[in-house]
Amino acid sequence: MPILTADLARVAVVVAGEALVDEFHDRQVAGGAPFNLARSLAALLGGDRVLLLTRVGAGDAGARAVLASLARFGMGLAGVQQDASRPTGRVTVSETEGGHSFHIHAPAAWDFIEPAPALLTALHARFFCFGTLALRGERSRLSILEQARTVRALGGLVYLDLNLRRGTDTPELAALSLAGADWLKVNDEELDRLLGWFGAPAGPAPDPLGPAAALGDAVRGLMQRFGLQRLILTRGAAGYAAFDAEGGLLAEGAGVAVPRLADTVGAGDGFSAMLMAATLSGLPPDRALALANGYAAALCGQRGPIPDDDAFFLPWRQRLGQGACA
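For clarity, every value in this text was computed on a predicted model and none was experimentally measured.

**Q** Hey, could you run me through the sheet that holds strand β12 (residues 240–244) in this one?
**A** Pairing between the strands of a sheet comes from backbone hydrogen bonds, and it takes one of two forms, parallel or antiparallel. On the basis of which strands lie adjacent, the open sheet formed by nine strands has the order β5-β4-β1-β8-β9-β10-β11-β12-β13 and mixed pairing. Pairing within the sheet leaves two strands with one partner each, and these edge strands are β5 (80–83) and β13 (249–253). Each strand of the sheet is rotated relative to its neighbour by a mean of 15°, with strand direction disregarded. Across four bridges, strand β1 (residues 13–16) lies against strand β4 (residues 50–57) in parallel orientation. For Ala16, the partnering residue across the bridge sits in β4 and is Leu53.

Below you can see the structure in the form of structure tokens.
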């Protein structure tokens with residue numbers, strides 16, 4: 001059932017972008033970075049706290065998989081558009097010892113997301129989240145950036161999980177995305193590329209995997225150029241760091257060992273989800289970041305972007321003070 005208008009006041013996070021089917025060598029699962037992020041948020045905070053803005057095919061197998069996963073996490077359909085002429089998106093995931101790569105098929109319904117200003121003005125969302133991949137198509141790009149401006153005008157924060165992928169990894173699209181964001185989350189490779197595109201202080205560019213304090217000048221320049229309030233850097237086994245608007249180091253932490261690595265698909269999405277969930281739960285930045293780091297590491301021990309067993313989420317909800325509430 002769609003979320004009723006009367007219930008929209010419960011929505012704390014709006015996530016916009018692709019919902020699709022990830023095709024692994026042995027199975028197919030609902031995926032897409034925004035959808036992974038939205039489902040983790042729903043599992044941690046409750047499905048009525050999260051609204052997904054996306055577009056899927058009208059009744060194809062991929063759409064059925066997406067809708068079934070939405071139902072599993074108690075999420076409504078108010079932001080899910082159906083496209084009668086274009087299929088639900090597909091991504092072929094190739095796994096290697098060094099990680100994973102993606103082949104993103106086109107055309108896809110999520111390239112044609114329509115704006116929903118009337119829906120958004122009924123909300124009082126604290127966060128609006130998007131990434132660059134869904135901006136590859138002009139229709140979705142215009143809609144998502146317009147919707148980000150709407151939520152910001154209503155007092156919300158725009159959270160950009162950059163998530164560079166082949167085909168959308170251009171400085172022009174990155175600049176457009178950064179200009180519309182308040183908080184930016186990047187991994188070490190993405191930060192290195194941003195500093196290469198948009199300039200670093202004179203001298204050798206700092207190593208994103210080096211001491212976090214040494215990144216201050218470079219981060220400050222990037223943040224001031226685009227008016228960012230916060231930059232969150234994930235560094236895999238090297239941990240994480242977060243910076244304020246002046247490039248000051250807010251917090252940092254070491255990586256968390258993963259006893260049995262299954263894959264890293266969805267770990268970055270999970271980090272963002274837990275960071276926002278912890279922030280919404282009132283945790284200070286250092287504790288919110290540490291919890292996000294642990295949650296992302298735990299996801300690396302699970303197959304695919306979202307655990308199949310709902311019991312996985314229980315201890316994390318408890319750490320947020322949510323108890324057993326779904």
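Picking up where we left off.
**Q** What is the right way to look at the nonpolar core in this model?
**A** Within the largest apolar cluster, 56 residues are counted, with the highest numbers of intra-cluster contacts made by Val14, Phe128, Leu184, Leu194 and Leu231. Excluding its chain neighbours within four sequence positions, the residues that come into contact with Leu194 are Leu162, Ala174, Leu178, Leu184, Val186, Gly199 and Leu222. If you look at the next biggest cluster of nonpolar residues, it comprises 51 residues, including Val13, Phe35, Ala43 and Phe127.

**Q** When you look at the pairing of strand β8 (residues 127–130) in this model, what are you seeing that I'm missing?
**A** Here is the key point about a regular strand: its side chains alternate between the two faces of the sheet. Burial along β8 is two-sided: Phe127 and Cys129 facing one way and Phe128 and Phe130 facing the other are all buried. As defined by bridge partners, β1 adjoins β8 across three bridges and the pair is classed as parallel. Looking across to β8, one finds that Val13 is bridged to Phe127. Alignment of β8 against strand β9 (residues 157–161), held across four bridges, turns out to be parallel. Looking at β9, one finds that Cys129 is bridged to Tyr159. Each parallel crossover has a hand, and the one from β8 via helix α4 (residues 138–153) to β9 is right-handed.

**Q** Would you mind going over the pattern of salt bridges with me for this structure?
**A** Think of it this way: side chains of opposite charge can pair up when their charged atoms draw near. Under the criterion given, the structure shown has twelve salt bridges. Here Asp161 and Lys185 are joined by a salt bridge, their closest N and O atoms 3.6 Å apart. Highlighted residues: Asp161 in strand β9 and Lys185 in strand β10 (residues 183–187), separated in sequence by 24 residues. Judged by relative accessible area, which is 5%, Lys185 ranks as buried. A single network of salt bridges, built from pairs that share partners, joins Arg55, Asp83 and Arg86.

**Q** Explain the packing of aromatic side chains to me, please; I cannot follow it from the model alone.
**A** For any pair of aromatic rings, the description consists of the separation of the ring centres together with the inter-plane angle of the planes. Counted by the stated rule, this structure contains eleven aromatic pairs. When the ring of Trp197 is compared with that of Phe198, the centres are 6.2 Å apart and the planes differ by 75°; the resulting orientation is edge-to-face. Residue Trp197 is classed as partly exposed on the basis of its relative accessible area, which comes to 27%. Overall, the relative accessible area of 13% leaves Phe198 in the buried class. Summarising the aromatic geometry, the rings of Phe312 and Phe313 are spaced 5.3 Å apart at their centres and angled 90° between planes, so their arrangement reads as edge-to-face. In this structure Phe312 comes out as buried when scored by relative accessible area, which is 13%. Among the aromatic residues, those joined into a ring-pair cluster are Phe73, Tyr295, Phe312, Phe313 and Trp316. The ring of Phe112 has Arg86 lying over it, and the distance from NZ or CZ to the ring centre is 3.5 Å. We note Arg319 situated over the ring of Trp316; from NZ or CZ to the ring centre the distance is 4.3 Å.

**Q** When you look at the side chain of Glu23 in this model, what are you seeing that I'm missing?
**A** For Glu23, the position within the fold is in strand β2 (residues 20–23). With relative accessibility at 14%, the residue Glu23 sits in the buried group. Among the polar contacts listed, one links the side chain of Glu23 to the side chain of Arg90, at a separation of 2.8 Å. Contacts of Glu23, omitting those with residues within four sequence positions, involve Gln28, Arg90, Val91, Thr92, Val93 and His105.

Calculation notes
- Residues numbered from 1 in each chain as written.
- Predicted model: local features only at pLDDT ≥ 70, side-chain atom pairs only at ≥ 80, totals over all residues.
- Heavy atoms only, no water.
- Pairing = 2+ DSSP bridges.
- Helix = DSSP H or I, 4+ residues; strand = E, 2+ residues; numbered from the N terminus.
- Axes fitted to C-alpha atoms, helices over the stretch in contact; angles between N-to-C directions.
- Core = buried A, V, L, I, M, F, W, Y, C linked by side-chain atoms within 4.5 Å.
- Buried < 20%, exposed > 50% of the residue type's maximum accessible area, 1.4 Å probe, protein only.
- Contact = heavy atoms within 4.5 Å.
- Right-handed = clockwise from strand over helix to strand, strands pointing away.
- Salt bridge = Lys/Arg side-chain N within 4 Å of Asp/Glu carboxyl O.
- Phe/Tyr/Trp six-rings, centres within 6.5 Å; stacked < 30°, edge-to-face > 60°.
- Lys NZ or Arg CZ within 6 Å of the ring centre and 35° of its normal.
- Polar contact = N/O pair within 3.5 Å; in protein donor to acceptor, adjacent residues only side chain to side chain.

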